[in-house]
Structures are given as C-alpha cells and as structure tokens.
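Chains, contacts and geometry: an overview
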Amino acid sequence: AYEILPSDWSSDVCSSDCSFSGQPHTLSIGQVYLIQDPNREGVKLLKRLKETQIEHGVIRYWVEGDNKESNDSRSWGWLEADKFVGKVLLRYRKG
C-alpha cells in the first residue's frame, strides 16, 4: 500500500523537493511518484524518477517502473511536470 502526497498540497506542507503548483519543480532522483499515464487518460501509475533534463528551457523527467517490462519512459519518452500527481511518502507490505 502507498500513501500519496496530492499535487494540490502547498509547498509549506510538502517538503522542498516536491513543489507541483506552477513553481520551479525540484523532484528527487530515485523517489517514487504517482504519475498520469501519458497515453491513457485517468490512469495513474507509480514510477521511479531516474533522470531529468532541460530542453529549450523546459524541465523533462525520465521515469521507470521497477520491472523491466514496465509501461514507462522507455516506451513514452520524456515527461513534463504536469504528469506528476503526487509523491509516495510511505510504502509498506501487509503482513
């Protein structure tokens, strides 16, 4: 199970590495985020941020699932910040 930080939380509630609301985005490499699937509206996926790049002044993000067969940036390419919905704060396994 996962606890997700919604994207509409203000930056004073969220730690400084997860600003989503039109401010400069500083997402943490290695962190798991809830993202909007770029090809299927309404479908949300958990993906790990692997890399960032700036292209023509726009920050883009490369995300991958933990499974090599995962539906992720290996098939979609780079994502923009508007695809990020929330940050995973806690992950636990049921007993």
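To start, this report covers the structure provided alongside it. (Residues numbered from 1 in each chain as written. Predicted model: local features only at pLDDT ≥ 70, side-chain atom pairs only at ≥ 80, totals over all residues. Heavy atoms only, no water.)

**With respect to the nonpolar core**
Counting residues in hydrophobic clusters, the biggest one holds 11 residues: Leu27, Tyr33, Ile35, Leu45, Leu49, Tyr61, Val63, Trp76, Leu79, Ala81 and Phe84. At the level of elements, β2 (32-36), β3 (44-55) and β4 (58-64) are the ones that each hand at least two residues to this core. Ignoring anything within four residues of it in the chain, the contact list for Leu45 reads Tyr33, Leu34, Ile35, Asp37, Arg40, Asn71 and Trp76. (Core = buried A, V, L, I, M, F, W, Y, C linked by side-chain atoms within 4.5 Å. Buried < 20%, exposed > 50% of the residue type's maximum accessible area, 1.4 Å probe, protein only. Helix = DSSP H or I, 4+ residues; strand = E, 2+ residues; numbered from the N terminus. Contact = heavy atoms within 4.5 Å.)

**Description of the side chain of Asp37**
Note on placement: Asp37 falls in the loop between β2 and β3. In this structure Asp37 comes out as buried when scored by relative accessible area, which is 2%. There is a polar contact of 2.7 Å between the side chain of Asp37 and the backbone nitrogen of Asn39. Sequence-distant contacts of Asp37, defined by excluding residues within four places in its chain, comprise Val43, Leu45, Asn71 and Trp76. (Polar contact = N/O pair within 3.5 Å; in protein donor to acceptor, adjacent residues only side chain to side chain.)

**Some words on the side chain of Asp72**
Checked against the element boundaries, Asp72 lands in the loop between β4 and α1 (73-76). Engagement of the side chain of Asp72 in a polar contact is seen with the backbone nitrogen of Gly65, the distance being 2.9 Å. If we ignore the near neighbours within four places in the chain, the residues touching Asp72 are Lys47, Val63, Glu64 and Gly65.

**Details of the pairing of β3**
The pairing of β2 with β3 spans five bridges and is classified as antiparallel. Counterpart to Ile35 in the pairing with β3 is Leu45. Pairing analysis gives seven bridges linking β3 to β4, with the strands arranged antiparallel. Note that in β4 the partner of Glu51 across the bridge is Trp62. Where β3 hands over to β4, the hairpin turn is made up of two residues, of which His56 adopts a positive phi near 55°. (Pairing = 2+ DSSP bridges.)

**Topic: the environment of Ser75**
Considering the arrangement of structural elements, one finds Ser75 in helix α1. For Ser75, a relative accessible area of 53% translates into the label exposed. C-alpha of Ser75 to C-alpha of Glu64: the two residues are 11 residues apart in sequence and 9.7 Å apart in space. At a separation of 3.4 Å, a polar atom in the side chain of Ser75 contacts the side chain of Asn71.

**A short note on the pattern of salt bridges**
Counted by the stated rule, this structure contains six salt bridges. Measuring nitrogen to oxygen at the nearest pair gives 3.2 Å for the salt bridge that ties Arg48 to Asp66. On the criterion of sequence distance, the pair formed by Arg48 in strand β3 and Asp66 in the loop between β4 and α1 is long-range, its members being 18 residues apart. For Arg48, a relative accessible area of 22% puts it in the partly exposed group. Note that Glu80 is salt-bridged to Arg60, the shortest N-O span being 2.6 Å. Highlighted residues: Glu80 in strand β5 (residues 79-80) and Arg60 in strand β4, separated in sequence by 20 residues. Under the relative-accessibility criterion, Arg60 is labelled buried at 17%. Where salt bridges share partners, they join Glu55, Arg60 and Glu80 into one cluster. (Salt bridge = Lys/Arg side-chain N within 4 Å of Asp/Glu carboxyl O.)

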